[in-house]
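Coordinate analysis (summary)
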Amino acid sequence: KNDHFYDHFSRIKRNIPGFSFVIADLPSLAHPSGRASLALPTELLLVTTADLPSVIEAAKAAQEADALHIPITGVVVNMLRHESSELSLPNIRALVQKPIVAAIPDDPAVRQSLRIKHPVVHSHPDSAASVALKRLAAGLLGQEYRDSLQ
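These lines cover the structure that appears in this document, whether it is placed above or below. (Residues numbered from 1 in each chain as written. Predicted model: local features only at pLDDT ≥ 70, side-chain atom pairs only at ≥ 80, totals over all residues. Heavy atoms only, no water.)

**Some remarks on the overall build of the chain**
A tally of regular secondary structure across the chain gives seven helices and three strands. Seen in sequence order, the chain has helices and strands lined up from the N terminus as α-α-β-α-β-α-β-α-α-α. The proportion of buried residues among the 150 residues of the chain is 31%. Carbon and sulfur atoms make up 55% of the accessible area of the chain, which totals about 9,900 Å². (Helix = DSSP H or I, 4+ residues; strand = E, 2+ residues; numbered from the N terminus. Buried < 20%, exposed > 50% of the residue type's maximum accessible area, 1.4 Å probe, protein only. Areas by Shrake-Rupley, 256 points an atom, 1.4 Å probe, with all protein chains shown as cover.)

Right under this line is the structure:
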């Protein structure tokens with residue numbers, strides 16, 4: 001099963017000429033394909049939510065990636081609510097031992113965009129989540145994000 005997973009992504013990487021990188025949402029290490037998925041990337045961007053179990057999973061993934069000498073760009077904290085049940089960004093950074101590159105707020109616009117089956121950056125381009133996602137995308141491309149209102 002893991003060989004099929006690896007072969008599938010290897011074909012994708014070979015068959016997309018002209019692109020500098022491919023972004024793939026890979027399973028967590030708790031998933032049977034999770035460890036095999038670490039053989040694919042040349043660089044990782046970890047995505048977690050701010051709850052303790054998710055951050056612990058991200059920390060494990062970071063340790064596995066470090067052991068395999070896979071560079072980690074940083075951590076994206078998704079669906080951030082700033083609630084007392086969540087870990088703070090400095091605590092997440094300390095646990096994962098990687099820089100936080102983006103914090104995407106929990107935004108009702110995301111749920112609305114899912115209902116209408118459109119990406120939030122298109123259906124609600126000025127929402128807090130959209131702006132945070134566009135800032136992240138610009139940063140990954142080495143560009144500066146310019147707000148449409150500027």
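**With respect to the environment of Leu 46**
Looking at the element boundaries, Leu 46 is found in strand β1 (residues 44–48). A relative accessible area of 9% places Leu 46 in the buried class. Once the C-alpha coordinates of Leu 46 and Gly 74 are considered, the two residues, 28 residues apart in sequence, prove to be 6.3 Å apart. Those residues in contact with Leu 46 that sit more than four places away from it in its chain are Ala 58, Ala 61, Ala 62, Ile 72, Gly 74, Val 75, Val 76 and Val 96. (Contact = heavy atoms within 4.5 Å.)

**Thoughts on the side chain of Ser 113**
Residue position: Ser 113 is located in helix α5 (residues 108–116). Non-local contacts of Ser 113, meaning those with residues more than four positions away in its chain, are made with His 118, Pro 119, Val 120, Ser 123 and His 124.

**Re the pairing of strand β3 (residues 100–105)**
In terms of strand pairing, strand β2 (residues 72–80) meets β3 through four bridges, oriented parallel. Across the sheet, Val 77 pairs through a bridge with Ala 103, a residue of β3. (Pairing = 2+ DSSP bridges.)

**Considering the pattern of salt bridges**
Following the criterion strictly, the structure yields three salt bridges and no others. One salt bridge connects Asp 66 with Lys 98, and the closest N-O pair in it is separated by 3.0 Å. Here Asp 66, found in helix α3 (residues 52–67), pairs with Lys 98, found in the loop between α4 (89–96) and β3; they are 32 residues apart in sequence, far enough to count as distant. On the accessibility criterion, Asp 66 (39% relative accessible area) is partly exposed. We classify Lys 98 as buried; its relative accessible area is 15%. In this structure, a network of salt bridges that share partners links the residues Arg 81, Asp 106 and Arg 111. (Salt bridge = Lys/Arg side-chain N within 4 Å of Asp/Glu carboxyl O.)

**So, the packing of α3 against α4**
Here α3 crosses α4 at 35°, and the two axes come no closer than 8 Å. Relative to α4, the crossing made by α3 is right-handed. Touching Leu 52, Val 55, Ala 58, Ala 59 and Ala 62 of α3 are Ile 92, Leu 95 and Val 96, all from α4. Across the contact of α3 with α4, the residue classes tally to eight nonpolar, no polar and no charged. (Axes fitted to C-alpha atoms, helices over the stretch in contact; angles between N-to-C directions. Left-handed = near helix turned anticlockwise from the far one by under 90°. Nonpolar A, V, L, I, M, F, W, Y, C, P; charged D, E, K, R; others polar.)

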